[in-house]
Amino acid sequence: QFDRAINDLIPALRVAKRERASNETVSAILSNLGYAYRMVGWCGDAVNVLTEEMRAWDRGMVAVDQARFAGINLLQSYIDCGESRIAARLWSKTLRPIARKLNPDSPALASFLAAGALATLAVKHYQESVNLYNEAITIWEEQPEDYRDRICSARSNRAVAHAYLGKIVAAVDEADRALKELDSGTAMDPAVRAVTLNNIAVVYLTDKRLNKAEDCLQRALA
């Protein structure tokens, strides 16, 4: 019930600022509010709130983990709003330095890198996107049972990047693996499943596998 969460968080933020609550408290409320806005599709409101939190990071007032969470959501919000170039700029100028502060083998870093990979893919920096997905998937594959859905989604995005780089054999192989993982019963949010199927279809279209592409697109629409 994200609408209800928003209604609770807005007055909480107002009180926190009025009472001069700690930076950590204000930051946590901003982060949760931005996430809730994104979940109901209010990308502009999400951008405004999460940008305010990231300014606190620039002033050294926010912990790394909190900045990571806010940064991922801000990237996604920009992409949802159609501001891919701003998202890519945010990744390169602000978020990439945060990545260097995270544990190099942590799933938290993998999620962060995957967000950067999506942002770079959106502005057609395909090789950079592939490199970031490579790093993220390698980390997640250390615990495949826990991150099967993320690996599958990342594979489908990496397949698209390979296709646009002209590496059709690698792209189709990646798409086949992602589809096999989907069909094996991997639990996945419906919206993410639809995007993953669409990505696989895009790859099949580049290789003129029209029947397989149509099947994936029909499943995505369903």
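Source: prediction; values computed, not measured.

Basis of the calculations
- Residues numbered from 1 in each chain as written.
- Predicted model: local features only at pLDDT ≥ 70, side-chain atom pairs only at ≥ 80, totals over all residues.
- Heavy atoms only, no water.
- Phe/Tyr/Trp six-rings, centres within 6.5 Å; stacked < 30°, edge-to-face > 60°.
- Helix = DSSP H or I, 4+ residues; strand = E, 2+ residues; numbered from the N terminus.
- Buried < 20%, exposed > 50% of the residue type's maximum accessible area, 1.4 Å probe, protein only.
- Disulfide = S-S within 2.5 Å.
- Expected span 1.5 Å × (residues − 1).
- Contact = heavy atoms within 4.5 Å.
- Salt bridge = Lys/Arg side-chain N within 4 Å of Asp/Glu carboxyl O.
- Patch = residues over 30% accessible without salt bridge, like charges linked within 9 Å, V, L, I, M, F, W, Y side chains within 5 Å.
- Areas by Shrake-Rupley, 256 points an atom, 1.4 Å probe, with all protein chains shown as cover.
- Axes fitted to C-alpha atoms, helices over the stretch in contact; angles between N-to-C directions.
- Parallel < 35°, antiparallel > 145°, perpendicular 65-115°, else oblique.
- Left-handed = near helix turned anticlockwise from the far one by under 90°.
- Nonpolar A, V, L, I, M, F, W, Y, C, P; charged D, E, K, R; others polar.
- Core = buried A, V, L, I, M, F, W, Y, C linked by side-chain atoms within 4.5 Å.

## Overview of the packing of aromatic side chains
Counted by the stated rule, this structure contains six aromatic pairs. With a centroid separation of 5.9 Å and 75° between ring planes, the pair formed by F2 and Y35 is classed as edge-to-face. Here F2 is found in helix α1 (residues 2–18), whereas its partner Y35 is found in helix α2 (residues 23–39), with 33 residues between them in sequence. Accessibility expressed as a relative area gives 33% for F2, which makes it partly exposed. You can call Y35 partly exposed: its relative accessible area is 29%.

## With respect to the state of the cysteines
Across all of its chains, the model carries one disulfide by this definition. A disulfide-free cysteine, C152 has its sulfur positioned 11 Å from the sulfur of C216, the nearest such atom. Assessed through its relative accessible area of 0%, C152 is described here as buried.

## Looking at helix α3 (residues 43–58)
Here α3 spans 22 Å end to end across 16 residues, near enough to the 22 Å set by a 1.5 Å rise per residue. Within α3, the full set of buried residues consists of C43, A46, V47, V49, L50, T51, E53, M54, A56 and W57. Structurally, α3 contributes buried residues whose contacts are with α2, α4 (64–80) and α5 (84–99). Looking one or two residues beyond α3, the residue adopting positive phi is G60, at roughly 75°.

## Remarks on the pattern of salt bridges
Inspection of the entire model under this criterion finds eleven salt bridges. A salt bridge links R155 to E141; the shortest N-O distance between them is 2.8 Å. Taken together, the residues R155 in helix α8 (residues 148–164) and E141 in the loop between α7 (126–140) and α8 connect sequence positions 14 residues apart. Overall, the relative accessible area of 36% leaves E141 in the partly exposed class. Between R219 and D183 there is a salt bridge, with its nearest N and O atoms 2.8 Å apart. Of the two residues, R219 sits in helix α11 (residues 210–221) while D183 sits in helix α9 (residues 168–183), which places them 36 residues apart along the sequence. Judged by its relative accessible area of 47%, D183 falls in the partly exposed class. A single network of salt bridges, built from pairs that share partners, joins E141, R155, R158, E174 and E181.

## Some points on a nonpolar patch on the surface
Taken together, L205, L210 and L217 make up a surface patch of nonpolar side chains, about 250 Å² in accessible area. Checked against the element boundaries, L205 lands in helix α10 (residues 190–206).

## Structural notes on the packing of α2 against α3
Contact geometry of α2 with α3 gives a least axis separation of 8 Å together with a crossing angle of 160°. Looking at the two axes, α2 sits roughly antiparallel to α3. Note that α2 runs across α3; the crossing there is left-handed. For the pair formed by α2 and α3, the contact residues are S27, L30, S31, L33, G34, Y37 and R38 on the first element and D45, A46, V49, L50, E52 and E53 on the second. Looking at side-chain class alone, the contact of α2 with α3 contains six nonpolar, three polar and four charged residues.

## Things to note about the nonpolar core
Counting residues in each nonpolar core, the largest one holds 48 residues, and the members touching the most others are L75, L95, F112 and W140. Those elements giving two or more residues to this core turn out to be α1, α2, α3, α4, α5, α6 (107–122), α7 and α8. Looking at which element gives the most residues to this core, the answer is α6, with eight residues. If we ignore the near neighbours within four places in the chain, the residues touching L95 are M54, G71, L75, L90 and F112. Of all hydrophobic cores here, the second largest spans 18 residues; its members include V160, V172, A175 and A213.

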